[in-house]
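# Chain and residue survey
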Amino acid sequence: MVIVMSAAAAGSDVGTAVALIEKAGGQAFVSRGAGRTLVCVVGDPDGFSALNLSALPGVDTVIRTSAAYKLVSRENCLARSTVQVAGASIGPGHVTLVAGPCAVESYDQTLRAAEMAAVAGATMLRGGAYKPRTSPYAFQGLGEAGLRILADVREATGLPIVTEVVDAADVGLVSSYADMLQVGTRNAQNFALLRAVGEAGTPVMLKRGMSATIDEWLMAAEYIAQHGNLDIVLCERGIRTFETATRNTLDISAVTIVQQLSHLPVIVDPSHSGGRRDLVLPLTRAAVAIGADGVIIDVHPDPATALCDGPQALIEGDLLELADILTRWGRITARHADYAGASAY
Ligand code: PEP
Ligand code: MN
């Protein structure tokens, strides 16, 4: 069961509902997002009927949900959510561009990549300071020095930053610099990390596990929501298949399916999906055409020297075409994106 609090509900209204549920032997998990507070109620629904929860002050509706994931299910909210990240927003009606280097290497490299991102129309900067690498000998990221560089580049450009956190112990530190925390594909079912980012309250971008089903991905998001944070953006970044021509296989249908199943925004990472520069713009067109709420794209001022993922980074010459895809195609498709997601209901 999920209680949808009204937009005008006071904190004390939420407290009253939680206290009644707990007194009746249930558990209540409060999850807050921009303009939306939900309470997930666990226990026997018949045991709560005497509480008349829908008549409580500040309660909008009470939904008996059959979905395995409750707080992130679209059953609770017919309108899809918008997540606010400092001055940027990700949600239905427009296509948000997040761009930047795969890894933060230096102030100059990050600033130049941020300037490239801005030329293409980005409203957020990406860049990893903690890099989860397949090889322990590969560049692991600059750590806190990288976070400081990101903060300096934010200061210089005004772009809010999203950066990956790989360890639950680092969540406090990373969220003291970042506007949005990224949970990467390799950690997408690291439940301790998901709980910690849920408790931090900073908006989260949750990438799809490379071998995760859509259900497993949404359940991972449910961990974050259950721990208090409903400001979650899902990111389809390709899944592992038998195909070796691409780094991963972009599961484009996941965008529409997730928009049907969940109220959370969903963006696409064409860079990590294909793993190839020549595929980034075609996959971006596909993402925008299907109604993704945004794209996150690697750019680098000099990919030949990049310490991570150079072959998939866009270069200066690609930026105007990227901007064109997002403005021209985005205008057309953003209008139907909400409809496409709603069509299952
Ligand atoms: C990244 O975005 O830098 C990254 C490591 O992505 P993923 O977790 O999707 O591989
Ligand atoms: Mn990368």
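An account of the accompanying structure is given in this report.

About the cut-offs
Residues numbered from 1 in each chain as written. Chains lettered and ligands numbered in written order. Predicted model: local features only at pLDDT ≥ 70, side-chain atom pairs only at ≥ 80, totals over all residues. Heavy atoms only, no water. Axes fitted to C-alpha atoms, helices over the stretch in contact; angles between N-to-C directions. Helix = DSSP H or I, 4+ residues; strand = E, 2+ residues; numbered from the N terminus. Parallel < 35°, antiparallel > 145°, perpendicular 65-115°, else oblique. Left-handed = near helix turned anticlockwise from the far one by under 90°. Contact = heavy atoms within 4.5 Å. Nonpolar A, V, L, I, M, F, W, Y, C, P; charged D, E, K, R; others polar. 1 Å grid on protein atoms, 1.4 Å probe; cavity = no way out; pocket = protein on both sides within 12 Å on 5 of 7 lines; lining within 4 Å. Points joined across faces, edges and corners; volume = space filled by probe spheres on them. Core = buried A, V, L, I, M, F, W, Y, C linked by side-chain atoms within 4.5 Å. Buried < 20%, exposed > 50% of the residue type's maximum accessible area, 1.4 Å probe, protein only. Domains from an automatic or database assignment. Near = heavy atom within 4 Å. Polar contact = N/O pair within 3.5 Å; in protein donor to acceptor, adjacent residues only side chain to side chain. Areas by Shrake-Rupley, 256 points an atom, 1.4 Å probe, with all protein chains shown as cover.

## Some words on the packing of helix H6 (residues 214-226) against helix H7 (residues 253-261)
- Their axes nearest at 11 Å, the elements H6 and H7 cross at an angle of 50 degrees. In terms of their interaxial angle, H6 and H7 are classed as oblique. The handedness of the crossing between H6 and H7 comes out as right-handed. Mapping the contact onto sequence places Ile-214, Trp-217 and Leu-218 in H6 and Ala-254, Ile-257, Val-258 and Leu-261 in H7.
- Split into classes, the residues belonging to the contact of H6 with H7 amount to seven nonpolar, no polar and no charged.

## Side note on empty space enclosed by the protein
- Across all of its chains, the model carries two cavities of 30 Å³ or more by this definition.
- As a volume, the second largest cavity reaches approximately 30 Å³.
- Lining the second largest cavity are Ala-188, Gln-189, Leu-206, Lys-207, Arg-208, Gly-209, Ala-212, Glu-216, Trp-217 and Ala-220.
- Among the secondary structure elements, those contributing two or more residues to the lining of the second largest cavity are strand E11 (204-207) and H6.
- Of the residues belonging to the lining of the second largest cavity, the class tally is five nonpolar, two polar and three charged.

## Thoughts on the nonpolar core
- Ranked by size, the top nonpolar core spans 67 residues in total, and within it Leu-97, Val-197, Leu-206 and Leu-234 carry the most contacts.
- When residues of this core are assigned to their parent elements, the largest contribution, seven residues, is made by H6.
- Two domains each provide a minimum of three residues to this core, namely domain 1 (2-63) and domain 2 (83-338).
- With sequence-adjacent residues up to four places away left out, Leu-234 is seen in contact with Leu-206, Trp-217, Leu-218, Ala-221, Val-258, Ser-262, Leu-264, Pro-265, Val-266 and Ile-267.
- One finds Met-1, Met-5, Ile-21 and Leu-56 within the second-largest nonpolar core, a separate group that totals 14 residues.

## Topic: the layout of surface pockets
- Reported here for the largest pocket is a volume of approximately 250 Å³.
- Around the largest pocket, the lining is made up of 21 residues, and of these Lys-131, Pro-132, Arg-186, His-272 and Asp-309 lie nearest the centre.
- The element that contributes the greatest number of residues to the lining of the largest pocket is strand E9 (residues 161-164), accounting for three residues.
- Across the lining of the largest pocket, the residue classes break down as four nonpolar, eight polar and nine charged.
- If you go around the second largest pocket, you meet 15 residues; those closest to its centre are Met-5, Ser-6, Gly-35, Arg-36 and Thr-37.
- For the lining of the second largest pocket, the secondary-structure elements that each account for two or more residues are strand E1 (2-5), helix H1 (11-23) and strand E3 (36-42).

## Brief notes about the site of ligand 1
- If you check the shell around ligand 1, you find Cys-102, Arg-126, Lys-131, Glu-164, Gln-182, Gly-184, Thr-185, Arg-186, Lys-207, Arg-237 and His-272 and nothing else.
- Take Lys-131: an N or O atom from its side chain is 2.8 Å from an oxygen atom of ligand 1.
- Within the side chain of Gln-182, one N or O atom sits 2.9 Å away from an oxygen atom of ligand 1.
- Notes on ligand 1: free accessible area 290 Å², of which the protein chains cover 97%.
- Its residues assigned to classes, the shell around ligand 1 shows one nonpolar, four polar and six charged.

So yeah, pure geometry; function would need other evidence.
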